[in-house]
Amino acid sequence: KLPRWQQDSITNILIDIGNSKHILPLDIKEFLDDVLARFSNDPLDKEGIAISSRSFLMKALNASKNDNKLMNKIDQLQAIGTPNVWVSHMHMIRIIGNTAGHPNNAVRRVSPDDLLSILMGLKEFVLAWPRIKTMID
């Protein structure tokens, strides 16, 4: 069970994402909805949320698992002027997702605090979509 402040933070960020996600293309928005739905499960599947969030970024950025494509795509966002904090949060999703996807090689497990980082990264991805779209088109 998460502390009340974390539950409230998660709820508020989910509302913010819900109010902003209409700018995403339908296929990406549906994929995001699948990720966000995982936050309503009790208990929270932290690893599942982390892995699906990383998969969302891969799909939305047209990246693959090979050759550090996701890392490179996120770095390209910085090159087109996406604020550093947004890029940092997207890298955080990538790293936490890697941690969850490869637990035997991980130094630590996914924590409840990581869920807030993931949500902030997803929120910032949605806010950055107009810039991201120009990179993908």
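Heads up: the structure comes first, above all this text.
So, here's what we can say about the structure. Numbers given to residues run from 1 along each chain, matching the order in which its sequence is written. The predicted origin of the model limits local features to residues at a pLDDT of at least 70 and limits the giving and counting of side-chain atom pairs to 80 or more, whereas totals for whole chains, interfaces and linings rest on all residues. Excluded from the side-chain calculation are hydrogens and water; included are all heavy atoms of the structure.

1. Considering the packing of helix α3 (residues 46-60) against helix α6 (residues 112-136)
Think of two packed helices as two axes; the pair is described by the angle between the axes and how far apart they sit. Formally: Axis geometry follows a simple rule: fit a line to the C-alpha atoms, using only the stretch in contact for helices, then measure angles between N-to-C directions, giving values from 0 to 180 degrees. Labels follow the DSSP assignment, with helices taken as runs of H or I lasting at least four residues and strands as runs of E lasting at least two, numbered in each case from the N terminus. Orientation is classified from the angle alone, with under 35 degrees giving roughly parallel, over 145 giving roughly antiparallel, 65 to 115 giving roughly perpendicular, and any other angle giving oblique. Here, residues are in contact when the closest pair of their heavy atoms is within 4.5 Å. Just so you know the grouping, Ala, Val, Leu, Ile, Met, Phe, Trp, Tyr, Cys and Pro go in nonpolar, Asp, Glu, Lys and Arg go in charged, and all remaining residues, Gly too, go in polar.
Where α3 contacts α6, the axes come no closer than 11 Å and their chain directions differ by 10 degrees. By the angle class used here, α3 and α6 are roughly parallel. Residues Lys46, Ile49, Ala50, Ser53, Phe56, Leu57 and Ala60 of α3 form the contact with α6, whose participating residues are Pro112, Leu115, Ile118, Leu122, Phe125, Trp129 and Ile136. Along the lines of polarity and charge, the residues of the contact of α3 with α6 split into 12 nonpolar, one polar and one charged.

2. Examining the pattern of salt bridges
Put simply, the rule reads: Here, a salt bridge means any side-chain nitrogen of Lys or Arg that lies within 4 Å of a carboxyl oxygen of Asp or Glu. Summary of the burial criterion: residues with accessible area below 20% of their type's maximum are buried, those above 50% are exposed, and those between are partly exposed, where the area comes from a 1.4 Å probe applied to protein chains only.
The full count for this structure, using the stated rule, is six salt bridges. Asp16 serves as the salt-bridge partner of Lys123, at 3.0 Å between the closest nitrogen and oxygen. Taken as a pair, Lys123 in helix α6 and Asp16 in helix α1 (residues 4-20) lie far apart in primary sequence, 107 residues in all. Classification of Lys123 by relative accessible area gives partly exposed; the value is 22%. Accessibility expressed as a relative area gives 30% for Asp16, which makes it partly exposed. Linking Asp27 and Lys59 is a salt bridge whose minimum nitrogen-to-oxygen distance equals 3.8 Å. In this pair, Asp27 is assigned in helix α2 (residues 26-37) and Lys59 in helix α3, connecting sequence segments 32 residues apart.

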